[in-house]
Amino acid sequence: MGSLLWTYYGIVTPGEYLVSTVNGFGVLAESIYVLIFLFFVPKPRILKTVALVLALNVIFPVIMIVGTRTAFGYAKTRSNSMGFICAALNIIMYGSPLSAIKTVVKTRTVKYMPFWLSFLLFLNGAIWAVYALLLHDVFLLVPNGMGFFLGTVQLLIYTFYRNAKPNIEDEEEALAPSQPLFS
């Protein structure tokens, strides 16, 4: 979803060819990944999963693209509205691994926060933030600057807890089953 919207942002914003091409490739890679994932979904859950995938990866982006095209006649306004939408989604993406921090602190183990995910989010945020600075694009700078900061926080937490003695009692409590998002 994010890559598709960033691709559209790159198309409607003058001079953002790199954004549209990189994220266009991201759409292709994400589509392949989702198709492989759908292949392995258990049969009883396939319909709900396909519906969720279609809603998030097809219907929502189409509504956003058609909505901005019909609501905003000026290209600059359309570009700004897509920039706000993409920036908000990017901030959510960068913040999502932070949910593991509570578990890491409580259990004193980093096995629930993969190093490479934290490192690559940090690196991705840094590279796109530098690119945004060069282009003076606030819609790229704000979420990717935050991604760089949040990635730094994750790496610092990883460094602090990587050799800590695990707290076994809290680990069982922290991993207690929770309610599924969709049932």
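Residues numbered from 1 in each chain as written. Predicted model: local features only at pLDDT ≥ 70, side-chain atom pairs only at ≥ 80, totals over all residues. Heavy atoms only, no water.

An unreviewed UniProt entry lists the protein chain under the name Bidirectional sugar transporter SWEET, from Brassica cretica. Under the UniProt heading Subcellular location (unreviewed entry), the entry covering the protein chain gives this text: "Endomembrane system". (UniProt positions renumbered as here; feature names shortened; annotations may be inferred.)

Time to look at the packing of aromatic side chains. Here the structure, examined in full by the defined rule, presents 12 aromatic pairs. Between F115 and W116 the ring centres are 5.2 Å apart and the planes differ by 75 degrees, which places this aromatic pair in the edge-to-face class. Both rings, one in W116 and one in F119, keep their centres 5.8 Å apart while their planes meet at 85 degrees; by these two values the pair is edge-to-face. In this pair, W116 and F119 are both assigned in helix α6 (residues 115-135), 3 residues apart and thus about one turn of the helix distant. A relative accessible area of 57% places W116 in the exposed class. With a relative accessible area of 27%, F119 lands in the partly exposed category. Members of the aromatic cluster, each reached through a chain of ring pairs, are F115, W116, F119, F122, F148 and Y158. (Phe/Tyr/Trp six-rings, centres within 6.5 Å; stacked < 30°, edge-to-face > 60°. Helix = DSSP H or I, 4+ residues; strand = E, 2+ residues; numbered from the N terminus. Buried < 20%, exposed > 50% of the residue type's maximum accessible area, 1.4 Å probe, protein only.)

UniProt marks residues 20-41, 53-75, 81-101, 113-134 and 140-161 with the feature "transmembrane region" (unreviewed entry), using the numbering shown here. Here residues 53-75 runs as 87% helix and 0% strand, with 30 Å between its end C-alpha atoms.

Time to look at helix α3 (residues 46-71). In this model α3 runs 35 Å from its N-terminal to its C-terminal C-alpha over 26 residues, within 8% of the 38 Å that 1.5 Å per residue would give. A bend of about 40 degrees at A55 is the largest found in α3. Every buried residue belonging to α3 is among T49, V53, P61, M64, I65 and T68, and all of these are buried. On the buried face of α3, the contacting elements are α1 (2-12), α2 (17-39) and α4 (75-95). (Expected span 1.5 Å × (residues − 1). Bend = angle between axes of the 7 residues up to and from the residue. Contact = heavy atoms within 4.5 Å.)

Attention shifts here to the packing of helix α5 (residues 99-107) against helix α7 (residues 138-161). Put simply, α5 and α7 touch, their axes get as near as 11 Å, and they point 15 degrees apart. The angle between α5 and α7 falls in the class roughly parallel. Between α5 and α7 the crossing geometry is left-handed. On the side of α5, the interface is formed by I101, V104 and V105, while α7 contributes V153, Q154, I157 and Y161. For the contact of α5 with α7, the class distribution of residues is 6 nonpolar, 1 polar and no charged. (Axes fitted to C-alpha atoms, helices over the stretch in contact; angles between N-to-C directions. Parallel < 35°, antiparallel > 145°, perpendicular 65-115°, else oblique. Left-handed = near helix turned anticlockwise from the far one by under 90°. Nonpolar A, V, L, I, M, F, W, Y, C, P; charged D, E, K, R; others polar.)

Side chains that are nonpolar tend, in soluble globular proteins, to be buried together. In terms of nonpolar packing, the biggest core is built from 15 residues, with L5, W6, Y9, V19, M82, C86 and L140 touching the most fellow members. Of all the elements in the fold, those that place two or more residues in this core are α1, α3, α4, α6 and α7. For this core, the element with the most residues is α1, which contributes 5 residues. Sequence-distant contacts of M82, that is, excluding residues within four places in its chain, are made with L5, Y8, Y9, M64 and T68. Counting residues in hydrophobic clusters, the runner-up holds 9 residues, among them I101, M113, I157 and A164. (Core = buried A, V, L, I, M, F, W, Y, C linked by side-chain atoms within 4.5 Å.)

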